[in-house]
Amino acid sequence: MLIFEKKMKLLITGATGLVGIQLVKKAISQGMMIHYLTTQASKIQSIEGAKGFHWDPSRMIIDIDCFSGVDVIIHLAGASISKRWTNRYKKIILSSRIDTTRLLINGLNLLKGNHCVEQIVSASAIGIYPSDFKNSVSETFDVSKDSFMQNVVMNWEEEVDVFETMNIKITKLRIGLVLARNGGVVATLKIPTFFCLGAAFGSGNQGQSWIHMSDVVGIILFCIKKQLIGNFNTVAPNPVSQSIFISALAKALKRPHIFPPIPKYFTKMILGDMSSLVLDSHWVSSKKILGKGYKFQFDKINNALKEVLK
Ligand SMILES: NC(=O)c1ccc[n+]([C@@H]2O[C@H](COP(=O)([O-])OP(=O)(O)OC[C@H]3O[C@@H](n4cnc5c(N)ncnc54)[C@H](OP(=O)(O)O)[C@@H]3O)[C@@H](O)[C@H]2O)c1
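Residues numbered from 1 in each chain as written. Predicted model: local features only at pLDDT ≥ 70, side-chain atom pairs only at ≥ 80, totals over all residues. Heavy atoms only, no water.

Caption draft 1: Molecular detail of helix α5 (residues 213–225). Given a rise of 1.5 Å per residue, 13 residues ought to cover 18 Å, and the 18 Å separating the end C-alpha atoms of α5 matches this to within 8%. For α5, a buried count of 11 out of 13 residues is recorded, marking the element as mostly surrounded by other parts of the structure. Turning to α5, its buried residues number three or more, namely Met 213, Asp 215, Val 216, Val 217, Gly 218, Ile 219, Ile 220, Leu 221, Phe 222, Cys 223 and Ile 224. One or two positions beyond α5, positive phi appears at Gln 227, with a value near 50°. (Helix = DSSP H or I, 4+ residues; strand = E, 2+ residues; numbered from the N terminus. Expected span 1.5 Å × (residues − 1). Buried < 20%, exposed > 50% of the residue type's maximum accessible area, 1.4 Å probe, protein only.)

Caption draft 2: Here's a closer look at the environment of Gly 272. Its location among the elements puts Gly 272 in the loop between α7 (264–271) and α8 (276–279). Assessed through its relative accessible area of 30%, Gly 272 is described here as partly exposed. Sequence-wise, Gly 272 and Trp 55 are 217 residues apart; in three dimensions their C-alpha atoms are separated by 33 Å.

Caption draft 3: The arrangement of the pattern of salt bridges in detail. Scanning all chains against the criterion turns up 8 salt bridges. Here Glu 159 and Arg 102 are joined by a salt bridge, their closest N and O atoms 3.0 Å apart. Highlighted residues: Glu 159 in helix α3 (residues 148–160) and Arg 102 in helix α2 (residues 87–110), separated in sequence by 57 residues. Classification of Glu 159 as buried rests on a relative accessible area of 13%. In this structure Arg 102 comes out as partly exposed when scored by relative accessible area, which is 37%. Of the charged contacts in the structure, one is a salt bridge between Arg 174 and Glu 157, with a shortest N-O distance of 2.8 Å. (Salt bridge = Lys/Arg side-chain N within 4 Å of Asp/Glu carboxyl O.)

In structure tokens, the structure reads:
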């Protein structure tokens, strides 16, 4: 367990989401104080032991009291990428990440240096890397804005870089496929797989760089404790192919994996651009965070899925 010398105060955006809820629980259990920003007035008092503040990024409105006494900002807010990618919704995926980041910067600027924020840990995503069926990719890869997702994530990271002008340390976590109990990819695939209808897409050879929720939360807190700066792939050390992922899921559910892969052309026809979420391949390296001394709680897919489905 990480021990924090001083009672630290975090400001968390997206605290009401899949990762945020678990992060808040863990941070409180380690004695940290939590402020969080939510777009929904009804959620301001929804997290026990934490203090909620309202913001409206579409109108650039923020309650600047949220920064009071805050040492570190954890920026997780962003519209889900799992809803249908219409042209309108694509704009929301991008703007919900850019506008929220910009609003944090504007809010801090309003305080004219009268704050104690030292670090921002921002979510990013492995979707910043191009699809590659063969090669493993590390943080030094020279990324470019070639696809919709790469464009979103690169713009998001570039916006976060503005915090440097305020002398705030920047940590960007390129998060992989998060395995969690109450949502995300496991919740989506568990029902068809339970009924023996779980299937890979395309060749099934695409790399799936997954991470267990406990390690996402663990890495966020580790980066604060160690004040790590820079980009970190936030994925487990042993990515697997999509076929192996589906087999492991079926095994964890004690079901046979019999359904053949869904052909690429059919997947593209049904999902359009969004098919890249299931057809793209990412073999992402976790060597950098391992090199900093982070010890994964779950490094093998079978153990991770078994725990998530327990
Ligand atoms: N889960 C994954 O597998 C995964 C993988 C890679 C990267 N990530 C990134 O990690 C972050 C956290 O992921 P998550 O799965 O916890 O996300 P999530 O469950 O979808 O929650 C994100 C939070 O963002 C806020 N939000 C949603 N739409 C918004 C909008 N239009 N404008 C401003 N805020 C909005 C919501 O908070 P309020 O309703 O309280 O405002 C929501 O609770 C996200 O940025 C995501 O892109 C996640």
